[in-house]
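# A structural walkthrough
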Amino acid sequence: MHWDDTSEQAAFRDEVRTFIAERFPAGYRPDPAAEHSLEPEDVWGYNWPVDRFSPDPDRRDGARRWAAVLAERGWITPHWPKEFGGAGLSSFEEFVLHEEMMRARVPTVNGIGAFLLGPTLLEHGTAEQKAEHLPPIARGERTWAQGFSEPGSGSDLASLRTTAVRDGDHYVVNGQKVWTSLGQYADWLFVLVRTAPEAPKHRGITFLLVDTATPGVTIRPIEDIRGATPFAEVFFSDARIPVRNRVGDENRGWYIAMTALSFERAGIGATVKFEQALKRLVEHVRANGLGPDKAAVRHEIARRYTEMRVLYNLARHTVSEQARGGVPGYEASVNQLFGAELAQRIARTGTAVFGQDARRWDRTGQPLAAAFTHLKFDAVAATFLGGTTEIQRNVIATRGLGLPRS
């Protein structure tokens, strides 16, 4: 386990900072409506998959130029092999790159495709699938969304009911996905479908790659509790998906999906966002006071800061496992569980500091108070996005601690 940078990692960190300062497009500015955001899916007013379609030409062009600049170095997909457009960086170098981008408040590019699907295809995809799909992701030209959850099949994902029936060289897909993050902006989806209804539920699932332009695929945005539309529902009506788009063997898709989810739960991004949110909160209380219950507020902020540092070190532990050649397993579930619950605690601490001002929604008056109000609403979903806390605890108990299943 490496708690500090080596000299080489420290030099690379300096290189990344210089690169961002010199190459980030000057005209690519945060969205004024979101730059006070604290929600983890936003990067201080940037949202690259949305920005590349923005009606604002400066944001749209800036997003595309930033992707091109990163692609020159292979830094959209830094840990991938160079033959597919990556940079061949070590796990720790990739960790440092993403950490410094978050600290500089600039967006990563092509997140779901680069960090979830790409590693999954590198491990399980055919040579043809890698050649077709990986280079466009690495160039920032093709974005992806994850089509796993369904109505009634969220926590119990293996109970999904979207069907795929083999018809010659195609699967005919019918069903519905929901809570598909940024699905309305995706060029492609990777989805789980049921191909053997009579089989035990984990053994009759297949992993498919779906072009969103396929006839029979309909995507509709869903509005969340804040009035934003960060996700969508996807409908399949006799959509014909080529068999060549299947990843792995038929009826073995559950095990492919677990690879993807392990990468989803291993990131650094939310950790830096929490750190910066706490820093802004501390700056506010130093300038404006702690209110009537000073000791309690000071204690809560100190606890949150300690927990944030624990989360950061959990992320470093996970990347240490990757550096040794492992795939994140139960360690990633520890990260997901601890981070999700910490998001809710940070939101509660922030709203406690602002008291009555924590009822503000409009960011124009008290932007930080309103930002914590938005974070509190957003954090409601934290403990079931990417797997509920109950699921994460089961993974930790059975795979991490070796406890028997009930």
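Residues numbered from 1 in each chain as written. Predicted model: local features only at pLDDT ≥ 70, side-chain atom pairs only at ≥ 80, totals over all residues. Heavy atoms only, no water.

### A short note on helix α6 (residues 127–138)
Taking 1.5 Å per residue, 12 residues should reach 16 Å; α6 reaches 16 Å between its end C-alpha atoms and fits that length. Residues of α6 that are buried: Gln129, Lys130, His133, Leu134, Pro135, Pro136, Ile137 and Ala138. In the core, the buried residues of α6 are packed alongside α3 (57–73), α5 (111–124), β1 (144–147), β4 (188–194), β5 (205–211) and β8 (246–247). Just downstream of α6, glycine 140 is the residue with a positive phi angle, here 75°. (Helix = DSSP H or I, 4+ residues; strand = E, 2+ residues; numbered from the N terminus. Expected span 1.5 Å × (residues − 1). Buried < 20%, exposed > 50% of the residue type's maximum accessible area, 1.4 Å probe, protein only. Contact = heavy atoms within 4.5 Å.)

### A closer look at the pairing of β1
With burial as the criterion, each face of β1 is covered, one bearing Trp144 and Gln146 and the other bearing Ala145 and Gly147. The pairing of β1 with β4 spans four bridges and is classified as parallel. When the sheet's bridge partners are listed, tryptophan 144 is paired in β4 with tryptophan 188. (Pairing = 2+ DSSP bridges.)

### Some words on helix α12 (residues 389–400)
For α12, the complete set of buried residues consists of Thr389, Gln392, Val395, Ile396 and Ala397. The elements touched by buried residues of α12 are α10 (330–354). Immediately downstream of α12, the backbone of glycine 402 shows phi near 70°, a positive value.

### Comments concerning the side chain of arginine 52
Among the structural elements, arginine 52 can be located in the loop between α2 (48–51) and α3. A polar contact of 2.9 Å, which involves the side chain of arginine 52, links it to the side chain of threonine 143. With residues near it in sequence (within four places) discarded, arginine 52 still touches Arg60, Ala63, Arg64, Glu141, Thr143, Tyr185 and Asp187. (Polar contact = N/O pair within 3.5 Å; in protein donor to acceptor, adjacent residues only side chain to side chain.)

### Looking at the packing of α5 against α6
Their axes nearest at 10 Å, the elements α5 and α6 cross at an angle of 160°. What the angle tells us is that α5 and α6 run roughly antiparallel. Like other packed secondary-structure pairs, α5 and α6 cross with a definite hand, here left-handed. Touching Gly113, Ala114, Leu117, Gly118, Leu121 and Leu122 of α5 are Gln129, Lys130, His133, Leu134 and Ile137, all from α6. A per-class count over the contact of α5 with α6 returns six nonpolar, four polar and one charged. (Axes fitted to C-alpha atoms, helices over the stretch in contact; angles between N-to-C directions. Parallel < 35°, antiparallel > 145°, perpendicular 65-115°, else oblique. Left-handed = near helix turned anticlockwise from the far one by under 90°. Nonpolar A, V, L, I, M, F, W, Y, C, P; charged D, E, K, R; others polar.)

### Observations concerning a nonpolar patch on the surface
A surface patch of nonpolar side chains, amounting to about 280 Å² of accessible area, comprises Ile225, Trp361 and Phe377. Summarising the element assignment, phenylalanine 377 is placed in helix α11 (residues 367–379). With relative accessibility at 34%, the residue phenylalanine 377 sits in the partly exposed group. (Patch = residues over 30% accessible without salt bridge, like charges linked within 9 Å, V, L, I, M, F, W, Y side chains within 5 Å. Areas by Shrake-Rupley, 256 points an atom, 1.4 Å probe, with all protein chains shown as cover. Salt bridge = Lys/Arg side-chain N within 4 Å of Asp/Glu carboxyl O.)

### What to know about the packing of aromatic side chains
The final tally for this structure, using the stated rule, is 17 aromatic pairs. Ring geometry for tryptophan 144 and phenylalanine 190: centres 6.4 Å apart, planes at 45°, overall tilted. Pair noted here: tryptophan 144 is in strand β1 and phenylalanine 190 is in strand β4, with a separation of 46 residues, a long-range link. One exposure class covers both tryptophan 144 and phenylalanine 190, and it is buried. Taking 6.2 Å as the distance between ring centres and 35° as the angle between the ring planes, the aromatic pair formed by phenylalanine 354 and phenylalanine 372 counts as tilted. Within this pair, whereas phenylalanine 354 is found in helix α10, its partner phenylalanine 372 is found in helix α11, the two being separated by 18 residues in sequence. Taking the relative accessible area as the measure of exposure, phenylalanine 354 reaches 7% and is therefore buried. (Phe/Tyr/Trp six-rings, centres within 6.5 Å; stacked < 30°, edge-to-face > 60°.)

### Some details on the packing of helix α9 (residues 294–323) against α10
Angle between the axes and distance between the axes: these two values describe a pair of packed helices. As a packed pair, α9 and α10 sit with axes 10 Å apart at the nearest point and diverge in direction by 160°. It follows that α9 is roughly antiparallel to α10 by the angle criterion. Considering only the axes of α9 and α10, their crossing is left-handed. Partitioning the contact of α9 with α10 into residue classes produces 12 nonpolar, five polar and six charged.

### Things to note about the nonpolar core
Within the largest apolar cluster, 25 residues are counted, with the highest numbers of intra-cluster contacts made by Leu117, Trp144, Phe148, Phe190, Leu192, Phe207 and Leu209. When contributions to this core are tallied by element, the ones reaching two or more residues are α5, α6, β4, β5 and α7 (253–264). Apart from residues no more than four positions distant in its own chain, leucine 192 is found in contact with Gly147, Phe148, Glu150, Leu157, Leu160, Thr162, Lys177, Ile205, Thr206, Phe207, Gly253 and Ala257. Within the second largest apolar cluster, 23 residues are counted, among which are Val285, Val297, Ile346 and Ala369. (Core = buried A, V, L, I, M, F, W, Y, C linked by side-chain atoms within 4.5 Å.)

### Digging into the environment of serine 149
Secondary-structure assignment places serine 149 in the loop between β1 and β2 (163–167). Linking serine 149 and serine 159, residues 10 residues apart in sequence, is a C-alpha distance of 9.7 Å. Setting aside its immediate chain neighbours within four residues, serine 149 contacts Gly154, Leu157, Lys177, Val178 and Trp179.

### Details of the pattern of salt bridges
Counted according to the given criterion, the structure contains 20 salt bridges. Close ionic contact of aspartate 5 with arginine 316 constitutes a salt bridge, the shortest N to O distance being 3.7 Å. Remark: arginine 316 occurs in helix α9 and aspartate 5 occurs in the segment before α1 (7–23); sequence separation between them is 311 residues. Assessed through its relative accessible area of 2%, arginine 316 is described here as buried. Each of Asp5, Arg13, Asp14, Arg17, Glu99, Glu100, Arg103, Glu275 and Arg316 takes part in a single network of salt bridges with overlapping partners.

Bear in mind that shape data such as this cannot, by itself, settle questions of function.
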